[in-house]
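Notes for the structure review
Chain by chain, the residues:
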Amino acid sequence: MFYKVMIRLQSFYIVFGKVFLSICLAALPLVNISAKVVLPSIFGDNMVLQQNREVKISGMTEPGRKVKMCVAWSKESQTLKADKNGNFQFKMQTPSAGGPYEITFDDGDIVVLENILIGEVWLCSGQSNMQMPVRGQLNQPVIGSNRIIAQADPQIPIRMFTVEKATAKSPVTDCTGSWVENASVHVAEFSAVGYFFGQYLQRQLKVPVGLIHTSWGASNIQAWMSEESLRGIPEINLDHLTSDVETKLLPQQLPCLLHNAMIYPLKDYAIRGVIWYQGESNVQNPELYGKLFPAFVTDLRSTFAQGDFPFYYAQIAPFPLTKFESARLREVQMRCMKDISRSGMAVLMDIGEQKCIHPSRKMEVGERLAYWALGDTYGKKGFAYASPEYDSMKVVKDKVRLSFKNDELGLTSYYKELKNFEIAGEDKVFYPAKAYIMKRENKVYVEVGSQSVTNPVAVRYAFKSFAVGDLFGVTGLPVSSFRTDDWGPEN
């Protein structure tokens, strides 16, 4: 009799347990749906948090409600009360690289963020050459893309977040997007320059890498700047922010609209630094760009309020616009390296496409930006990350000798004829010149001359909208186009 009772009790408990478990499982989605904690989209499953940093996580719940946060890498929890508008913001210290972890929020309902990694986080921004995905686009390839996409592996800790395109007349607190893993379907759609940069960093640093991509094709730099940063610049019209004015500009070319919708919502997210590929939409006014570019970086750093983080950018590649437009913008970009602290520029003189403004060799762009990050930010030694740079000139009889910086191992044309040099006399008329890489007294220089110019005063290298760069450092990094004169646009 005892055994029969026990068997019946056991059967009851099994049936009751299954029913209870079914009720609990059925209720789980309801917990998530009814959860009062709401987080901006940048804080989500699969995200990468910057290692060894005090990071912020903002959110909303009912006004005055207490919220408890627990992180899996610490035994300590935090509890705070939401303000009168329901906003809260936790601050926490992240450990060294690792994971995956969970973060739990409890305001009476539970929200759990899963599969979180700790590592290095970089923001990737700009216009179409940053936007162009790994898979390429219609009739515009990315070299090596199919192999890279096929090799993508979720076990390799690269995570990606793409901000969906949006505009706003005033700053907004959230954007649309989600963190995804390193799977082929996601890699194919992500920024090629951003992915190649992150992939190279991950291989060398052996830590998780998080990439936040926010770009828009054909955008100009002023669209990415705040209203405060543009006030007082007479060339910039801000009337569209306060009224519906008619304009022929694209929405991504109106000042402040992309800053407000695609930069400002990210401001609380801790990042290591920024990579930037933009400038083609500003070629018509290089001198204005020279004013806006340093102001943009200052504005970006002010918005994120994380100090003077590293800022590395791609020089625009040669493309046939008018005779000098892109050459003058490249000149401004070169000059801005001196005006922007903790910055570096990847020179792209050798990858331009004569028939397409979007170079197909995106891997070189990402890797050259990664060289800057590895050498300048992470302190790795033994390789070059800065291209050789024109330094000074000396006239010797009817020739000009050009000296360079960052050329410790010298210069090379890979044993081919240098075809991009021009030389001029006092009449300011430039003639094609013969140029040779020379070495004298352990110093390497380029000697330039032409039978058409007996008293030279100026030299230019590849100083036109389109040229195929043929002067490199022995390290393989190309020399930027440059000129020794400061003559006006007509010359």
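Predicted model only: the values in this text are computed from it and were never measured.

1. Overview of the sheet that holds strand E18 (residues 430–432)
Strands sit in the order E18-E17-E21-E23 across an open sheet of 4 strands; the sheet is antiparallel. Single-partner strands in this sheet number two, and they are E18 and strand E23 (482–483). Taken together, the 2 bridges between strand E21 (residues 458–461) and E23 define a ladder with antiparallel strand orientation. Counterpart to Tyr 461 in the pairing with E23 is Phe 482.

2. Concerning empty space enclosed by the protein
In total, this model carries 2 cavities of 30 Å³ or more according to the counting rule given. Of the volumes computed, that of the largest cavity is approximately 50 Å³. Along its surface, the largest cavity is lined by Met 334, Met 337, Met 345, Val 347, Trp 372, Ala 386, Ser 387, Pro 388 and Glu 389. Its residues placed into classes, the lining of the largest cavity shows 7 nonpolar, 1 polar and 1 charged. Its boundaries defined by the atoms lining it, the second largest cavity holds a volume of some 30 Å³. Lining the second largest cavity we find Met 345, Ala 346, Val 347, Arg 368, Trp 372, Tyr 385, Ala 386, Ser 387 and Leu 477. Among the secondary structure elements, those contributing two or more residues to the lining of the second largest cavity are strand E13 (343–346) and helix H10 (362–377). Residues that form the lining of the second largest cavity fall into these classes: 7 nonpolar, 1 polar and 1 charged.

3. A word on the nonpolar core
Ranked by size, the top nonpolar core spans 96 residues in total, and within it Ile 103, Phe 105, Phe 293 and Phe 421 carry the most contacts. In terms of residues, this core owes the most to one element, helix H8 (residues 286–304), which gives 8 residues. Apart from the residues within four sequence positions on either side, Phe 421 is in contact with Leu 402, Tyr 431, Pro 432, Ala 433, Ala 435, Val 446, Val 448, Val 459, Arg 460, Tyr 461, Leu 471 and Phe 482. One finds Met 160, Tyr 195, Val 209 and Val 365 within the second-largest nonpolar core, a separate group that totals 41 residues.

Thresholds, definitions, all that
- Residues numbered from 1 in each chain as written.
- Predicted model: local features only at pLDDT ≥ 70, side-chain atom pairs only at ≥ 80, totals over all residues.
- Heavy atoms only, no water.
- Pairing = 2+ DSSP bridges.
- Helix = DSSP H or I, 4+ residues; strand = E, 2+ residues; numbered from the N terminus.
- 1 Å grid on protein atoms, 1.4 Å probe; cavity = no way out; pocket = protein on both sides within 12 Å on 5 of 7 lines; lining within 4 Å.
- Points joined across faces, edges and corners; volume = space filled by probe spheres on them.
- Nonpolar A, V, L, I, M, F, W, Y, C, P; charged D, E, K, R; others polar.
- Core = buried A, V, L, I, M, F, W, Y, C linked by side-chain atoms within 4.5 Å.
- Buried < 20%, exposed > 50% of the residue type's maximum accessible area, 1.4 Å probe, protein only.
- Contact = heavy atoms within 4.5 Å.

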